[in-house]
Structures are given as C-alpha cells and as structure tokens.
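The residues making up each chain are set out below.
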Amino acid sequence: MNMEPIIQIKNVSKEFKVLNRREGLMGSIKDLFSRNYKIINAISNITMDIMPGEIVGYLGPNGAGKSTTIKMMTGVLKPTSGEILVNGRVPYENRTKNAQNIGVVFGQRTQLWWALPVIESFKILKEIYRIDDKVYNDNLELYNNLVGVKELYSKPVRQMSLGQRTLCDILAAFLHNPSVVFLDEPTIGLDVTMKSKIRELITELNRVKNTTVILTTHDMGDVDALCKRIIIIDKGTRIYDNSIENLKDYFGAYRTLKLMFSKNPEDNTEENLNKIAAEIQTSLHKEFPSAENIAVCSNEEWIDIFINEDEIKMMEIMNFIQNTRNIVDVKITEISTESVIKKIYEGGVK
Amino acid sequence: MKIKKKTNTLRYYAHIYRMILAQDLKSKMNYRADFIISNVGIIATNVSGFIAFWIMFQNFPSILNWTYYEMMFLYGFSLIALTPVQLFFDNNWNLRFQVYSGDFIRYCFRPINLFFYYISEVFDIKGIGQFAFGAGTLIYAWKNLGLSVTPLIILKLIIALFSASLFMIAIMNIAAATCFWITNSGIVMVFMFNFKDYARYPITIFNSIFRFIFTFIIPIAFIAYYPSLIFLRPDNVPLLTYLSPFIGIIFFYISYKVWITGAMQYSGTGS
Ligand SMILES: Nc1ncnc2c1ncn2[C@@H]1O[C@H](COP(=O)(O)OP(=O)(O)OP(=O)(O)O)[C@@H](O)[C@H]1O
Ligand SMILES: [Mg+2]
C-alpha cells in the first residue's frame, strides 16, 4: 500500500518566550513594553509522519513537550520553525478548517457545555460541525452499542463524575467523524474499570472508522492495550519512534527474576525486604562485576532482579543466591512495557 | 454569490446562538430561585440608584438646563443601552480566569469563530431585570416629557439604543482582552465597568477634559447623552449624534479585532 501520511511533521521546533513578570499594576504596565524574556525550548527539531488509521502512543516524561506538540497539530500553537501538515493543511494558518477534521480531548478539561445535558451538547455540536442527520444518528447508535451510555445522556455535565465526563468527551470528539483524534492523557485520574472501558472504546472507534489516533499517556496499560507504534520524546527531542515490539526486542535479553525468601509476613516487612535487596545487589555486583545492568529491588513480598542475559545467565545468579539463602518461591517474567519505558526515560537506550 | 454566502454564514451563527440560548434558558429554569434572586438583586441595585437620583432632584429642580424628566430619560435610556452587554457578553468577566488557568484552550478546537463561540456560552439573565427597570424609567420620562409616539420615532429609538449598546460592549471587549497581555486585567475591567455610571449624565456637567475623555477615549457619552439629543434637543442635534451608529460599529469591530488577536496568539499554560 502506498498511502500519504495524514500528519507530517518536519523539523519542527517550538520555543516559548516567558516574560519575567514584575509586581503590581505599574509592573504590569512596564511588562507591556519590556523585552525581559526567558526562552524555553519545548520542542527541538522533531520529525515524524503519521499514517491514516494508526494509533500512535506519544510518550515522554513530564514536561517533555507532548501537549505542546499536540497543540501545534491542532493549530492552537504556531511552531517557531519547521513544517506541520495535518490532512494536507497547515493547522495554524487554517485553524477553523483544520478543526472541522480533527477531534481533541484534553484530559480533565471538558469541552462540553457545563450546565447542559450531554445529549444537548451533542445536538449543538451537530449544528456547529454541520453533521448529517444520518451520520449523527449512526454515531449515536454506534456509541450506544459500544458503551451503552443512553442513561448518561440526560445528565448535566456538571453532575458527572470525571470518568463519565471523559467518556462523553471522547464520544464528542468522534461525533463529526474526524480523520484524526488527539487524546491528551484521556485516562488520567480514572479507575481501572473506566480505563479499560475507554481503551475498548478507542480501539473500536479506530477499527470501525479507521480514525487516526494520537494518544499521550503516562499509563503503560493504555500503550499495551492500544498502540502498535510509539514515539518517545524527552526534553523536546525525539528519542524513539518505532513499533513497541521492536522496543521489546531490544530488551529481549532482559528478564526479571522474582524470588521469595519467606512466606511469613513478619519476615516480609518492607524494611526487611529493602535490606535484603540491597545486600543481594552488593554481593551480585561483587561476584559478577561484568554484569553492569543487574538491578535489584523489592516488590511487595518479592525480590525482583533485573537481568540482561547477554551479560549473565539467570541460572548462575540463582545458584549463587541459593548458596547463601533459602529460596521458597521463584518466578521469571518478560520485561514489561512499563520497565522498558522507564529504562528509556532514564537514559537506558541511546 | 458572495452575499449569499455571507447570509448563509449569518444564518448559521444565528441558528447556533439560538440553540445554545434555548438550552441555557431551559437549564436555568430548573433553578428558578437563582433567576428570581439575581433579578431581584439587580433591580434593588437600580432602585437604590434611582432613589439617590430622585433625592438629588428634590433639591435641584434642574441641572444646567436639564430637567428632572430629561435626566430620567437619560437614566432609563442608559440602562437599556447597557442591557445587551449584561445579557450577551457577560462571559468576558470569566475570560481572565480561563486564560490564566489555561481552561481557555477548550474553546480553541471548534470550526467556528472563537469570539462568537466563547461569548455565546453565557447568557446572563440578570440583564432582564435591568431592562425592565430601564424601560419603565424611559416610558415614565417619555410620558411626562410629552414626547410623541410615531413609527418613525420608535425606529429612531431602536437604532439609537442599538448603536449606543455597541459602545459599552466594545469597551468591555477591549478591557477583557487585556488579560491576553497582562495578568492584572481584573483591575482594568472593573475600572472600565464603573465608568458606565457616568453614562447617565449629560456630559455638559463635566469639565472640558472629562468631556473630551468621555467622547473620544472612553466613549461613554455615546451610551445615552449623544443619542438622546435626537429626542430631547431635536432642534440642536450635533454631528456626533448622527455619526454614532457608524462610530459604534467601527468601535465594536476594533474591539473584536483586539480580542481575537489576543486569543489567536494565546499560547496556553504549561499544563
Ligand atoms: N504556555 C507556555 N508557556 C511557557 N512554557 C510552556 C508553555 N506550555 C508549555 N511550556 C513548557 O514547555 C515544556 C513542555 O511542556 P508540555 O506541556 O508540552 O509537556 P508534556 O510533555 O505535555 O508534559 P506532561 O506529561 O507533564 O503533560 C515544559 O517545560 C513547559 O513548562
Ligand atoms: Mg501534557
């Protein structure tokens, strides 16, 4: 297949000029004329192409520049340099036209009318986006099949829980069949049930409508459930852009060895386990100095030992520990997305 | 072709405004107490203003050739002219909080004029009480002044009220928009808003500096004084009175441009 990317970002940078504000009314008046700025480089030279129908996880630690990138793609912010095309248009120059073809959810900032029942918000959106009766009714029916929210519709947004509101915000973002939907931390602050409901909803909407979805999140559960491709940025620069599988392959040799030394809760106090973990870490480093990546930590009643099998075989470590301690239970796990991403944030991948 | 497109756009916006308004009123009707209390509040404010006015005229039967009923006329006229800003543009008062907290970004993702979308969100029912009070005062003054009632004069009155209302709207648009550039814009808004109280006096009672300011800088003299001259001093109407609808429209347009310029360069907050 030879498709055009739906979003093209080329060498984009964004800097914020922050005024060093002065106090009081006179200060504000002076600020109007002064040029006392500090420059913050929020995004530096980012390039990426997004294909139609993809769900892309856009990840990075706090302050990495994720929301800033999304604001540029929606046309709210103008890049300091570089080019952005969304649906073939420059978002900043065609803000209202661009808005017709995108949907946006900023977690915790609802775009629905606060005092109105959701269904009334939907009706107003129908007029604003000039949505066909047929499209509108089909979507409502689809929504009802997917999440069955009819009873929510008559509730004013103001009276909704955060989760219900986020759900409705996501539905609203898809209502006009946009080609791209931006979700900035849609699962923030939600309980596990609501999270999985929202993940299913997004998966289904993407499948049924082939909508491109750009998702930022700090919850790796979202990533596992939704994204094939992830893009990671840190301090405004891109540090990873590939499939999540590829990332795990990179860490393919990594395993977590979980050991339990006692089933007695009294032995397994946090303090005690931390002490054991520290002791094991020291002795392993002494015994196997070439295995630099070994990391030991306590995890509930388990001691987790993070091992790169290219450096050292797991059995060697088990044997070594067995000589000094009595192991009552053992588990071996593949590395999780969570720890991969953590490793990358901490600078584990160059 | 172009005109057709324009009228279609106008119809689109009118339709959306009506929808939002209807929904908003419906939801407010659920809070009847709120409706009643806020209107009683604004009427009480106006009654106390009215009483102060009335007491003043018990001592001075006229001020610089302005009789009691003429002053009442100005008073009622200004209250009506100040109704639209209260009814339809009240969301300007929330602007600085939304801009400061970053919530303003919620309005930036719609395929529709940002100013319209933002302003349409709030309809302040208090304005209805103010309108009723102003209309009562104006009719009372009108009768006692023995002014005639002809279709032409009603038309003139409507045009005069409409253009007068644009001035306060424009002043408040600009005052609110200052929050896109400065953090203390609340002071600016309150400062500007309080000037409206001077709108009910003939500007001839002020000294020449204030007359200049109220005509050309903060043009509150256009809210009641200049338009009222058509009815109260028909033989001696100044040019500014005839020009006021045009000045009003231009001034409103400028205020809109200032507002939208600020909104378009809004860069949000860090979170
Ligand atoms: N309007 C603004 N003015 C000044 N600085 C800003 C503004 N918006 C963002 N920044 C700065 O730009 C950087 C990137 O911010 P951004 O909100 O994009 O991060 P993020 O990746 O979304 O973080 P988080 O995960 O915490 O939401 C931060 O250093 C932030 O302080
Ligand atoms: Mg963010």
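Residues numbered from 1 in each chain as written. Chains lettered and ligands numbered in written order. Predicted model: local features only at pLDDT ≥ 70, side-chain atom pairs only at ≥ 80, totals over all residues. Heavy atoms only, no water.

**Observations regarding helix α6 (residues 162-174) of chain A**
Residue and element names in this part refer to chain A. With 13 residues, α6 extends 19 Å from end C-alpha to end C-alpha; this agrees with the ideal 18 Å at 1.5 Å per step. Across the 13 residues that make up α6, a large majority, 11, are buried. Residues Gly163, Arg165, Thr166, Leu167, Cys168, Asp169, Ile170, Leu171, Ala172, Ala173 and Phe174 constitute the buried set of α6. Buried positions along α6 lie against β5 (102-106), α4 (118-128), α5 (133-147), β6 (180-184), α7 (192-209) and β7 (212-216). (Helix = DSSP H or I, 4+ residues; strand = E, 2+ residues; numbered from the N terminus. Expected span 1.5 Å × (residues − 1). Buried < 20%, exposed > 50% of the residue type's maximum accessible area, 1.4 Å probe, protein only. Contact = heavy atoms within 4.5 Å.)

**So, the environment of Asn11(A)**
Residue and element names in this part refer to chain A. With respect to the element layout, Asn11 can be found in strand β1 (residues 7-19). Placed 32 residues apart in sequence, Asn11 and Ile43 show a C-alpha to C-alpha distance of 9.7 Å. If we ignore the near neighbours within four places in the chain, the residues touching Asn11 are Asn45, Ile46, Thr47, Ser81 and Gly82. Within the structure, Asn11 has its side chain in polar contact with the side chain of Asn45 (distance 3.0 Å). (Polar contact = N/O pair within 3.5 Å; in protein donor to acceptor, adjacent residues only side chain to side chain.)

**Focus on the packing of helix α2 (residues 32-59) of chain B against helix α3 (residues 68-81) of chain B**
All names here are of chain B. In contact at an axis separation of 11 Å, α2 and α3 are set at 160 degrees when each is read in the N-to-C sense. With respect to α3, the element α2 is oriented roughly antiparallel. Both α2 and α3 take part in a crossing whose hand is right-handed. Together, Asn46, Gly49, Phe50, Phe53, Trp54 and Phe57 of α2 and Tyr68, Met71, Met72, Tyr75 and Leu79 of α3 make up the contact between the two elements. The residue makeup of the contact of α2 with α3, split by class, is 9 nonpolar, 2 polar and no charged. (Axes fitted to C-alpha atoms, helices over the stretch in contact; angles between N-to-C directions. Parallel < 35°, antiparallel > 145°, perpendicular 65-115°, else oblique. Left-handed = near helix turned anticlockwise from the far one by under 90°. Nonpolar A, V, L, I, M, F, W, Y, C, P; charged D, E, K, R; others polar.)

**Focus on the sheet that holds strand β8 (residues 229-234) of chain A**
Residues and elements named next belong to chain A. Read from one edge of the open sheet, 6 strands run β5-β6-β7-β3-β8-β9, paired in mixed fashion. Of all strands in the sheet, those with a lone pairing partner are β5 and β9 (237-243), marking the two edges. Sheet twist, expressed as the mean angle between neighbouring strand axes with direction ignored, is 15 degrees. As judged from the 6 bridges shared by β8 and β9, these two strands associate in the antiparallel manner. The residue bridging Ile233 from the neighbouring strand is Arg238, located in β9. (Pairing = 2+ DSSP bridges.)

**Observations regarding the interface of chain B and chain A**
Each partner contributes to the interface: chain B provides 34 residues, whereas chain A provides 34 residues. Interface area, chain B with chain A, both sides summed: about 3200 Å², of which 59% is carbon and sulfur. On the chain B side of the contact with chain A, Phe109(B), Arg110(B) and Pro111(B) bury the most area, a combined 22% of that side's loss. Where chain B packs against chain A, one counts 1 salt bridge. With its nearest N and O atoms 2.7 Å apart, the salt bridge here joins Asp103(B) to Arg109(A). At the boundary of chain B and chain A, one finds 8 residue pairs in polar contact (both at pLDDT 80 or more). (Buried area = accessible area lost by both parts, 1.4 Å probe. Salt bridge = Lys/Arg side-chain N within 4 Å of Asp/Glu carboxyl O.)

**Some details on the domain arrangement of chain A**
Split into domains, chain A comes out as domain 1 (7-250) and domain 2 (253-334). In this structure, domain 1 of chain A and domain 2 of chain A have C-alpha centres spaced 41 Å apart. (Domains from an automatic or database assignment.)

**Some words on the site of ligand 1**
For ligand 1, the set of nearby residues contains 17 residues, the closest of which are Gly63(A), Lys66(A), Ser67(A), Thr68(A) and Gly268(B). Interatomic distance of 2.8 Å between a backbone N/O atom of Gly65(A) and an oxygen atom of ligand 1. Ser267(B) has a polar backbone atom sitting 3.1 Å from a nitrogen atom of ligand 1. Calculation on ligand 1 without its partners gives an accessible area of 630 Å², and the protein chains cover 79% of this total. Elements represented by at least two residues in the shell around ligand 1 include exactly β1, β2 (37-50) and α2 (66-74) of chain A. (Near = heavy atom within 4 Å. Areas by Shrake-Rupley, 256 points an atom, 1.4 Å probe, with all protein chains shown as cover.)

**A look at the pairing of β5(A)**
Residue and element names in this part refer to chain A. Among the 5 residues of β5, 5 are classified as buried, and the element is accordingly described as predominantly covered. On β5, burial covers both faces: Ile102, Val104 and Phe106 on one face and Gly103 and Val105 on the other are all buried. With 5 bridges joining them, β5 and β6 adopt parallel strand pairing. Paired with Ile102 across the bridge in β6 is Val180.

**So, the sheet that holds β1(A)**
Residue and element names in this part refer to chain A. Ordered by their spatial adjacency, 3 strands build an open sheet running β2-β1-β4, and the pairing between neighbours is antiparallel. The strands lining the two open edges of the sheet, one partner per strand, are β2 and β4 (81-86). Each adjacent strand pair in this sheet contributes to an overall mean axis angle of 30 degrees, direction not counted. Examined bridge by bridge, β1 and β4 share 5 bridges and lie antiparallel to one another. Looking across to β4, one finds that Gln8 is bridged to Leu85.

**Here's the deal with a positive patch on the surface**
A contiguous patch of positive charge on the surface is contributed by Lys97(A), Lys2(B), Lys5(B) and Lys6(B). With 3 residues, helix α1 (residues 2-29) of chain B is the largest single contributor of residues to the positive patch. Here Lys97(A) is to be found in helix α3 (residues 95-100). For Lys97(A), a relative accessible area of 52% gives the class exposed. (Patch = residues over 30% accessible without salt bridge, like charges linked within 9 Å, V, L, I, M, F, W, Y side chains within 5 Å. Lys, Arg positive; Asp, Glu negative; His and termini not counted. Charge placed at Lys NZ, Arg CZ, Asp CG, Glu CD.)

**A look at the packing of α3(B) against helix α8 (residues 151-177) of chain B**
Residues and elements named next belong to chain B. It is the contact of α3 with α8, at a shortest axis distance of 8 Å, that shows an interaxial angle of 60 degrees. Classified by the interaxial angle, the pair formed by α3 and α8 is oblique. Along this stretch, α3 crosses α8, giving a crossing that reads as right-handed. Of α8, the residues touching α3 (which contributes Phe77, Ile80 and Ala81) are Leu157, Ala160, Leu161, Ala164 and Ser165. In terms of residue class, the contact of α3 with α8 is built from 7 nonpolar, 1 polar and no charged.

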